[in-house]
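Residue-level structural notes
Residue strings, one per chain:
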Amino acid sequence: MRRRIPALVLTAALAGGGLATVAQVAAAQPASAASITVDLNKMRQQVQDLRQKASRLDHMGERDAARKARAQADALQRRIDQIEKADRETSHHF
C-alpha cells in the first residue's frame, strides 16, 4: 500500500504536466507559424556562395573545408526545397 500511493501520485503529476505542456505547444504553434518570413533569393545566393567557396577550397587543396562548405550548401538547399514544397502544398487549400 505504501508503494502504490506514491506511484499513483507520481503518475498523476506526470500526466497533468504532460497535458499542460501539450496545451502550451499547441497554442504556440499557430502564432509562431504566421510570423516567420524567409527570403528565398537570399538563401539561394548563400548556396551559390558556399558552392563557389567549396570550389576555391578544393583548388587550394583544402579538401575537408571544401567538404564542409558543400555540406552546408546541401543542407541549405534542402531547407529551400522544404519551404517551397510546404508553400505549394498549403497554397492549394485556399
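Residues numbered from 1 in each chain as written. Predicted model: local features only at pLDDT ≥ 70, side-chain atom pairs only at ≥ 80, totals over all residues. Heavy atoms only, no water.

Comments concerning the overall build of the protein
Scanning the protein from terminus to terminus reveals three helices and zero strands. Taking all 94 residues of the protein together, the buried fraction comes to 12%. For the protein, the accessible surface area stands at approximately 8,000 Å², while carbon and sulfur atoms represent 58% of it. (Helix = DSSP H or I, 4+ residues; strand = E, 2+ residues; numbered from the N terminus. Buried < 20%, exposed > 50% of the residue type's maximum accessible area, 1.4 Å probe, protein only. Areas by Shrake-Rupley, 256 points an atom, 1.4 Å probe, with all protein chains shown as cover.)

Examining the pattern of salt bridges
Side-chain pairs of opposite charge can arise where the charged atoms are in close proximity. Within the structure shown, the criterion is met by five salt bridges. We note a salt bridge from R63 to D58, for which the minimum N-O separation is 3.3 Å. As a salt-bridge pair, R67 and D64 come within 3.8 Å of each other at their nearest N and O atoms. Placement of the pair is R67 and D64 together in helix α3 (residues 63-91), with a separation of three residues, close to one helical turn. A relative accessible area of 53% means that D64 is categorised as exposed. One salt-bridge network, held together by shared partners, links D58, R63 and R70. (Salt bridge = Lys/Arg side-chain N within 4 Å of Asp/Glu carboxyl O.)

Observations regarding the packing of helix α2 (residues 40-60) against α3
One way to put it is that α2 packs onto α3 with a least axis distance of 8 Å and a crossing angle of 160 degrees. When the interaxial angle is binned, α2 and α3 end up roughly antiparallel. For the crossing formed where α2 meets α3, the hand is left-handed. Residues belonging to the contact of α2 with α3 are distributed by class as follows: 13 nonpolar, five polar and eight charged. (Axes fitted to C-alpha atoms, helices over the stretch in contact; angles between N-to-C directions. Parallel < 35°, antiparallel > 145°, perpendicular 65-115°, else oblique. Left-handed = near helix turned anticlockwise from the far one by under 90°. Nonpolar A, V, L, I, M, F, W, Y, C, P; charged D, E, K, R; others polar.)

Some details on the nonpolar core
In summary, soluble globular proteins display a tendency toward joint burial of nonpolar side chains. Counting seven residues, the largest nonpolar core consists of M43, V47, L50, A73, L76, I80 and I83. Within the residue set of this core, elements represented by two or more residues are α2 and α3. At four residues, α3 tops the list of elements feeding residues into this core. Excluding residues that lie within four positions of it along the chain, L76 makes contacts with M43, Q46 and V47. (Core = buried A, V, L, I, M, F, W, Y, C linked by side-chain atoms within 4.5 Å. Contact = heavy atoms within 4.5 Å.)

Examining the confidence of the model for the protein
Predicted coordinates in regions of low pLDDT should not be interpreted in detail. Per-residue confidence for the protein gives a mean pLDDT of 79; residues scoring 70 or more make up 60%. Averaged over each element, pLDDT in the protein is lowest for helix α1 (residues 4-34) (58) and highest for α2 (96). (pLDDT = per-residue confidence, 0-100.)

A short note on the environment of D49
Turning to its location among the elements, D49 is positioned in helix α2. Overall, the relative accessible area of 37% leaves D49 in the partly exposed class. Distance from D49 to A73, taken between C-alpha atoms, is 8.5 Å for residues 24 residues apart in sequence.

What about α2?
Given a rise of 1.5 Å per residue, 21 residues ought to cover 30 Å, and the 30 Å separating the end C-alpha atoms of α2 matches this to within 8%. Those residues of α2 that sit buried are M43, V47, L50, A54 and L57. Angularly, the buried residues of α2 cover 90 degrees about the axis, an arc narrow enough to put them on a single face. Facing away from the buried side of α2, by more than 90 degrees, are the exposed residues N41, K42, H59 and M60. Of the surrounding secondary structure, the elements contacted by the buried residues of α2 are α3. Downstream of α2 by one or two residues, G61 has phi in the positive range, about 90 degrees. (Expected span 1.5 Å × (residues − 1). Arc of directions from axis to C-beta.)

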